[in-house]
Amino acid sequence: VSTQSTWAAAPPAPPAPTAAAEAAPSPCLLLKNLFDPAEETEPDFDEDIKEDVAEECTKYGRLLHVHVDKNSAGFVYMQFDGVDGAQRTYDALHRRWFAKRMITAAFVPEAQYRSQFGL
């Protein structure tokens, strides 16, 4: 999968309202809607997505961990070495298009992330 043709800038849109329950910035981020598992035909599609996401996100900070949840609504979890990388990734990718799908980003509390992935 070529990242050149897959990633696209989001069209201009008004800012989304901030949800009261939105997590504070942390080194951990969740990207949603990157894929639809029902549309994937390759058994290791998650590895291709992981590579694409890692390649794109290392532009914004040093990644420590990436997990593609194959049985989700396109969820990709990632942990950076600090809040700055996660914040830059959030700013760059929230409401951006990936493979003709608008993705959203959300911070995940670090303790929750570590617990979820046994880190």
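This text follows the structure it describes.
Residues numbered from 1 in each chain as written. Predicted model: local features only at pLDDT ≥ 70, side-chain atom pairs only at ≥ 80, totals over all residues. Heavy atoms only, no water.

For the protein chain, the helix and strand inventory stands at 4 helices and 7 strands. Moving toward the C terminus, one meets the helices and strands of the protein chain in the order α-β-β-α-β-β-α-β-β-β-α. By residue count, 37% of the 119 residues in the protein chain fall in the buried class. Within the structure as shown, the protein chain displays about 6,700 Å² of accessible surface, and the carbon and sulfur contribution to it stands at 51%. (Helix = DSSP H or I, 4+ residues; strand = E, 2+ residues; numbered from the N terminus. Buried < 20%, exposed > 50% of the residue type's maximum accessible area, 1.4 Å probe, protein only. Areas by Shrake-Rupley, 256 points an atom, 1.4 Å probe, with all protein chains shown as cover.)

As a further point, take helix 2 (residues 45-57). Helix length check: helix 2, at 13 residues, gives a terminal C-alpha distance of 18 Å against a target of 18 Å (1.5 Å per residue), a fit within 8%. Every buried residue of helix 2 is accounted for by Phe45, Asp46, Ile49, Asp52, Val53, Glu56 and Cys57. Around the axis of helix 2, the buried residues are gathered within 125° of arc, so they sit on the same side. (Expected span 1.5 Å × (residues − 1). Arc of directions from axis to C-beta.)

The way to describe two aromatic rings as a pair is by their centre distance and the angle between their planes. Counted according to the given criterion, the structure contains 5 aromatic pairs. Aromatic side chains Tyr77 and Phe117 sit 5.2 Å apart centroid to centroid with 65° between the ring planes, which places their arrangement in the edge-to-face category. Here Tyr77, found in strand 4 (residues 76-80), pairs with Phe117, found in helix 4 (residues 110-117); they are 40 residues apart in sequence, far enough to count as distant. Taken together, a centroid distance of 5.0 Å and an interplanar angle of 20° make the contact between Tyr90 and Phe107 stacked. With Tyr90 in helix 3 (residues 83-93) and Phe107 in strand 7 (residues 104-108), this residue pair connects regions lying 17 residues apart in the sequence. Put simply, the rings of Phe75, Tyr77, Tyr113 and Phe117 pair up and form one aromatic cluster. (Phe/Tyr/Trp six-rings, centres within 6.5 Å; stacked < 30°, edge-to-face > 60°.)

This part takes up the sheet that holds strand 4. Taken in spatial order, the 4 strands line up as 3-4-2-7 in an open sheet, and their pairing is antiparallel. Looking along the sheet, the strands with just one partner apiece sit at the ends: strand 3 (63-68) and strand 7. With direction set aside, neighbouring strand axes in the sheet form an average angle of 20°. Helix 4 rests against strand 2 (28-32), strand 3, strand 4 and strand 7 of the sheet, and its axis sits at about 115° to strand 4. (Pairing = 2+ DSSP bridges. Axes fitted to C-alpha atoms, helices over the stretch in contact; angles between N-to-C directions. Contact = heavy atoms within 4.5 Å.)

What is shown is where atoms sit, not what they do.
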